[in-house]
Amino acid sequence: MQKRILKPLVFLLCLLPVVVLVWQLLTDRLGANPIDEVADATGEWTLRFLLITLMATPIKRLFGWGWMVRVRRMLGIFAFFYATLHLVTYLWLDQFFDWGEIWLDILDRPFITIGMLAFVLLLPLVVTSNNMMMRRLGRNWKRLHRLAYVIPLLGVVHFWWLVKADVLEPLVYGGVLALLLLLRVRRKALTGRVAGENCAS
Ligand code: HEM
């Protein structure tokens, strides 16, 4: 029973931010500049979902909660979903699909360049997020999915370069990412040591 409701429940929870955003938009609750608000909210939710996806394994190891691992793929897909909404907001509501302007923006504004890079790097992860691709790519699948750490790092830099002075929020996201990376490196070092000891004995 619990297992059966887990995925639909998490699915609905993941949709909640976009439902709230649409409601705020329709009821005129997004202030004087609703487009900026939509861009900010979708950008932050992208970053949050990227980090939440990375938390699944450490949370299982630290607290024994395996349920997050079972929905990890869904969480990653939702990161892509919010990134796509974020990008579409920019392309459509901010730039009105003026491809010349968009191209200049990508070349001229480093925070846009790095956001675009993060989005492009998300694409191979989404395309290979299924069992068939996992089998096909073998060891390369793991190598490719290390990008899951690079993309939020680019997201943090993108945020940092956007806000310029008030860096508290990107700093918090960066801190969470640093902690997750540290846990992963520590785990790698420990498993490497155990494997070494087993070989020696
Ligand atoms: C994985 C990819 C991305 C992540 C994680 C991300 C994340 C963010 C975050 C956290 C913000 C700031 C939100 C705030 O101020 O509260 C933001 C703002 C913004 N992002 Fe992204 N972003 C990504 C990709 C992109 C792409 C591809 C573009 C466009 C080419 C883009 C354009 C913008 C713009 C224009 C803003 C400023 C919105 C405003 O305040 O007017 N982002 N993004």
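Residues numbered from 1 in each chain as written. Predicted model: local features only at pLDDT ≥ 70, side-chain atom pairs only at ≥ 80, totals over all residues. Heavy atoms only, no water.

By the naming in an unreviewed UniProt entry, the chain goes by Protein-methionine-sulfoxide reductase heme-binding subunit MsrQ and is assigned to Thiogranum longum. Its UniProt record gives the chain the following Sequence similarities (unreviewed entry) comment, quoted word for word: "Belongs to the MsrQ family." The UniProt entry for the chain carries the following comment under Subunit (unreviewed entry): "Heterodimer of a catalytic subunit (MsrP) and a heme-binding subunit (MsrQ)." (UniProt positions renumbered as here; feature names shortened; annotations may be inferred.)

Draft legend 1. Summary view of the UniProt feature "transmembrane region" (unreviewed entry) in the chain. With numbering aligned to this structure, UniProt lists the feature "transmembrane region" (unreviewed entry) at residues 9–26, 46–63, 75–93, 113–132, 144–161 and 167–183. Helix and strand shares over residues 9–26 are 100% and 0% respectively, and the end C-alpha atoms of the span are 25 Å apart. (Helix = DSSP H or I, 4+ residues; strand = E, 2+ residues; numbered from the N terminus.)

Draft legend 2. How the structure looks around the packing of helix H1 (residues 2–26) against helix H2 (residues 34–63). Packing of H1 against H2 leaves a shortest axis separation of 11 Å and a crossing angle of 175°. One element, H1, and the other, H2, form an angle in the roughly antiparallel class. Taken together, the residues of H2 that come into contact with H1 (itself represented by Cys 14, Pro 17, Leu 21 and Leu 25) are Pro 34, Val 38, Ala 41, Thr 42, Trp 45 and Phe 49. Split into classes, the residues belonging to the contact of H1 with H2 amount to nine nonpolar, one polar and no charged. (Axes fitted to C-alpha atoms, helices over the stretch in contact; angles between N-to-C directions. Parallel < 35°, antiparallel > 145°, perpendicular 65-115°, else oblique. Contact = heavy atoms within 4.5 Å. Nonpolar A, V, L, I, M, F, W, Y, C, P; charged D, E, K, R; others polar.)

Draft legend 3. Inspection of the nonpolar core at higher detail. Among the nonpolar cores identified, the biggest contains 40 residues, and Val 10, Phe 49, Leu 75 and Ile 151 are the most heavily contacted of them. Mapped onto this core, the elements with two or more residues apiece are H1, H2, helix H4 (72–94), helix H5 (99–108), helix H6 (110–127), helix H9 (147–163) and helix H10 (168–200). Sorting elements by how many residues they give to this core places H4 first, with nine residues. Setting aside chain neighbours within four positions, we find Ile 151 in contact with Leu 50, Ala 118, Leu 121, Leu 122 and Leu 125. (Core = buried A, V, L, I, M, F, W, Y, C linked by side-chain atoms within 4.5 Å. Buried < 20%, exposed > 50% of the residue type's maximum accessible area, 1.4 Å probe, protein only.)

Draft legend 4. Focus on the packing of aromatic side chains. By the definition in use, this model includes eleven aromatic pairs. Ring centres of Phe 97 and Trp 99 lie 5.8 Å apart, and the angle between their planes is 35°; on these two criteria the pair is classed as tilted. Through a chain of ring-to-ring contacts, three or more aromatic side chains come together here, namely Phe 11, Trp 45, Phe 49, Phe 78, Phe 81 and Tyr 82. Note that Arg 48 overlies the ring of Trp 45, its terminal NZ or CZ placed 4.5 Å from the centroid. (Phe/Tyr/Trp six-rings, centres within 6.5 Å; stacked < 30°, edge-to-face > 60°. Lys NZ or Arg CZ within 6 Å of the ring centre and 35° of its normal.)

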